[in-house]
Amino acid sequence: MSLIAQSIAGGGLALAPARCAAPTMQYRKAGWFPGTFAPSYLDGSLPGDVGFDPASMVALARTNLKADEENPWADGNFESKIQLVMMSDYVVKRKLAWMREAEIKHARLAMLAAAGWPLSEMLDGPLSSLLGVPNALAAGGRAPSLFNGGLFEGPQGLFLGLVTLATAYLELNTLDNVEGLTPTGYIAGDLGFDPLGLMDKRADMATAEIKNGRLAMLAITGMAVQEFIYGTPVIQQTPQYFKPFFL
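What about the overall build of the protein?
Stage number 1. Across its full length, the protein carries 8 helices and 0 strands.
Stage number 2. Of the regular secondary structure in the protein, the N- to C-terminal order runs α-α-α-α-α-α-α-α.
Stage number 3. Counting across all 247 residues of the protein, residues that qualify as buried make up 26%.
Stage number 4. Put simply, 55% of the contacts in the protein that link residues at least 6 apart link residues at least 24 apart.

Laid out in structure tokens, this is it:
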């Protein structure tokens with residue numbers, strides 16, 4: 001006789017509650033703020049990955065995937081987190097690769113700008129006087145920028161145009177690698193430029209680059225805002241950083 005029949009014959013129906021093991025979910029703690037957790041697509045494999053994407057900005061990346069373009073969840077009526085949940089792992093990886101490529105390129109530009117900004121304010125005046133050419137700085141001796149003006153005037157406008165053409169050329173040559181996730185071991189931002197072989201000498205060079213780049217993006221933003229608000233060059237606002245202590 002079955003257990004159910006025996007129970008019924010005994011005057012009652014006794015069904016033991018089913019027991020099953022609850023699935024265990026592992027979440028990686030984020031390194032950018034105590035008590036926060038990293039999203040699943042930031043698994044720590046990328047250099048400098050501290051699990052920072054609180055607004056789920058990865059969902060906004062454009063990958064030119066047909067599946068991405070026809071995704072009904074990406075029409076702006078759904079939050080970014082919901083879009084990411086509904087996307088396949090492959091699409092999410094494509095978007096993450098696109099975002100990392102954008103981050104490393106902005107980081108490199110910011111590092112160049114953070115060094116070039118104060119150098120231009122320090123050297124442009126003396127060099128223009130020495131060579132007898134017009135001063136290329138904006139009003140008040142500030143570096144040319146969107147806020148300060150003078151960015152598209154004179155020789156700096158020509159230089160900006162040439163840089164734009166050069167970066168467009170690089171973009172066209174790396175677009176397939178970035179958006180295709182080609183199985184060639186492509187690393188975001190890898191343009192084959194390492195004349196000193198630093199990547200082979202230190203294993204943490206990629207992490208050091210992205211961290212310094214993030215700091216530079218904050219620095220150059222601060223410089224632009226400070227000069228816009230105060231109307232004076234950053235080298236005058238903080239002379240202790242740009243003038244030798246013995247002068």
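Next, the rest of the story.
Re the environment of serine 120
Stage number 1. Looking at the secondary structure, you find serine 120 in helix H4 (residues 89-131).
Stage number 2. Take serine 120: its relative accessible area is 23%, and that puts it in the partly exposed class.
Stage number 3. Sequence separation between serine 120 and leucine 137 is 17 residues, and the spatial gap between their C-alpha atoms is 7.9 Å.
Stage number 4. The residues touching serine 120, leaving out its near neighbours within four places in the chain, are Leu137 and Ala143.
Stage number 5. For serine 120, the side chain forms a polar contact with the main-chain oxygen of tryptophan 117, separated by 2.6 Å.

Comments concerning helix H7 (residues 205-230)
Stage number 1. A rise of 1.5 Å per residue sets the reference length of H7, with its 26 residues, at 38 Å; its end C-alpha atoms lie 37 Å apart and thus fit the reference within 8%.
Stage number 2. Taken together, the buried positions of H7 are occupied by Met205, Ile210, Gly213, Ala216, Ile220, Met223, Ala224 and Glu227.
Stage number 3. Following H7 by one or two positions, glycine 231 adopts a phi angle in the positive range, close to 75 degrees.

Looking at the confidence of the model for the protein
Stage number 1. Counting all residues, the mean pLDDT for the protein is 79, and 76% of those residues have values of 70 or more.
Stage number 2. Element-level mean pLDDT values for the protein span from 47 in helix H1 (residues 3-9) up to 94 in H7.

Concerning the nonpolar core
Stage number 1. Core analysis: the largest hydrophobic core is formed by 10 residues, namely Ala110, Ala114, Trp117, Ala143, Ala216, Ile220, Met223, Ala224, Val234 and Ile235.
Stage number 2. Those elements giving two or more residues to this core turn out to be H4, H7 and helix H8 (234-237).
Stage number 3. Take this core: its biggest share by element is 4 residues, from H7.
Stage number 4. The contacts of alanine 110, once residues within four sequence positions are left out, are Gly213, Ala216, Met217 and Ile220.
Stage number 5. Core analysis: the second largest hydrophobic core is formed by 9 residues, Tyr41, Leu84, Val92 and Leu96 among them.

Some details on the packing of aromatic side chains
Stage number 1. Under the defined criterion, the tally for this structure stands at 3 aromatic pairs.
Stage number 2. Plain terms: the ring middles of tryptophan 32 and phenylalanine 33 are 5.9 Å apart, the flat faces sit at 40 degrees to each other, and that makes the pair tilted.
Stage number 3. Ring geometry for tryptophan 32 against phenylalanine 52: centres 4.8 Å apart, planes inclined by 85 degrees, an arrangement best described as edge-to-face. Highlighted residues: tryptophan 32 in the loop between H1 and helix H2 (66-69) and phenylalanine 52 in the loop between H1 and H2, separated in sequence by 20 residues.
Stage number 4. We classify tryptophan 32 as partly exposed; its relative accessible area is 35%.
Stage number 5. Taken together, Trp32, Phe33 and Phe52 form an aromatic cluster joined through their ring pairs.

What to know about a nonpolar patch on the surface
Stage number 1. On the surface, Leu119, Met122, Leu123, Leu127, Leu130, Leu131 and Val133 cluster together into a nonpolar patch covering about 670 Å² of accessible area.
Stage number 2. In this structure, leucine 127 sits in helix H4.

Description of unusual backbone geometry
Stage number 1. Positive phi, normally seen in glycine, also occurs at serine 56, with a value near 55 degrees.
Stage number 2. Relative to the helices and strands, serine 56 resides in the loop between H1 and H2.

Comments concerning the side chain of glutamate 227
Stage number 1. Examined against the element boundaries, glutamate 227 turns out to sit in helix H7.
Stage number 2. In this structure, glutamate 227 is buried with no salt-bridge partner, the nearest side chain bearing the opposite charge being arginine 142 at 5.0 Å.
Stage number 3. A polar contact is formed between the side chain of glutamate 227 and the backbone nitrogen of valine 234, at a distance of 2.7 Å.
Stage number 4. Those residues in contact with glutamate 227, other than ones at most four positions away along the chain, are Trp117, Glu121, Arg142, Ala143, Asn148, Thr232, Pro233, Val234 and Gln237.

Focus: the packing of H4 against H7
Stage number 1. Look at H4 against H7: their axes get within 7 Å of each other, and the N-to-C directions meet at 50 degrees. Accordingly, the angle class assigned to the pair H4 and H7 is oblique. Relative to H7, the crossing made by H4 is left-handed.
Stage number 2. Looking at side-chain class alone, the contact of H4 with H7 contains 14 nonpolar, 3 polar and 7 charged residues.

Criteria and cut-off values
Residues numbered from 1 in each chain as written. Predicted model: local features only at pLDDT ≥ 70, side-chain atom pairs only at ≥ 80, totals over all residues. Heavy atoms only, no water. Helix = DSSP H or I, 4+ residues; strand = E, 2+ residues; numbered from the N terminus. Buried < 20%, exposed > 50% of the residue type's maximum accessible area, 1.4 Å probe, protein only. Contact = heavy atoms within 4.5 Å. Polar contact = N/O pair within 3.5 Å; in protein donor to acceptor, adjacent residues only side chain to side chain. Expected span 1.5 Å × (residues − 1). pLDDT = per-residue confidence, 0-100. Core = buried A, V, L, I, M, F, W, Y, C linked by side-chain atoms within 4.5 Å. Phe/Tyr/Trp six-rings, centres within 6.5 Å; stacked < 30°, edge-to-face > 60°. Patch = residues over 30% accessible without salt bridge, like charges linked within 9 Å, V, L, I, M, F, W, Y side chains within 5 Å. Areas by Shrake-Rupley, 256 points an atom, 1.4 Å probe, with all protein chains shown as cover. Salt bridge = Lys/Arg side-chain N within 4 Å of Asp/Glu carboxyl O. Lys, Arg positive; Asp, Glu negative; His and termini not counted. Axes fitted to C-alpha atoms, helices over the stretch in contact; angles between N-to-C directions. Parallel < 35°, antiparallel > 145°, perpendicular 65-115°, else oblique. Left-handed = near helix turned anticlockwise from the far one by under 90°. Nonpolar A, V, L, I, M, F, W, Y, C, P; charged D, E, K, R; others polar.

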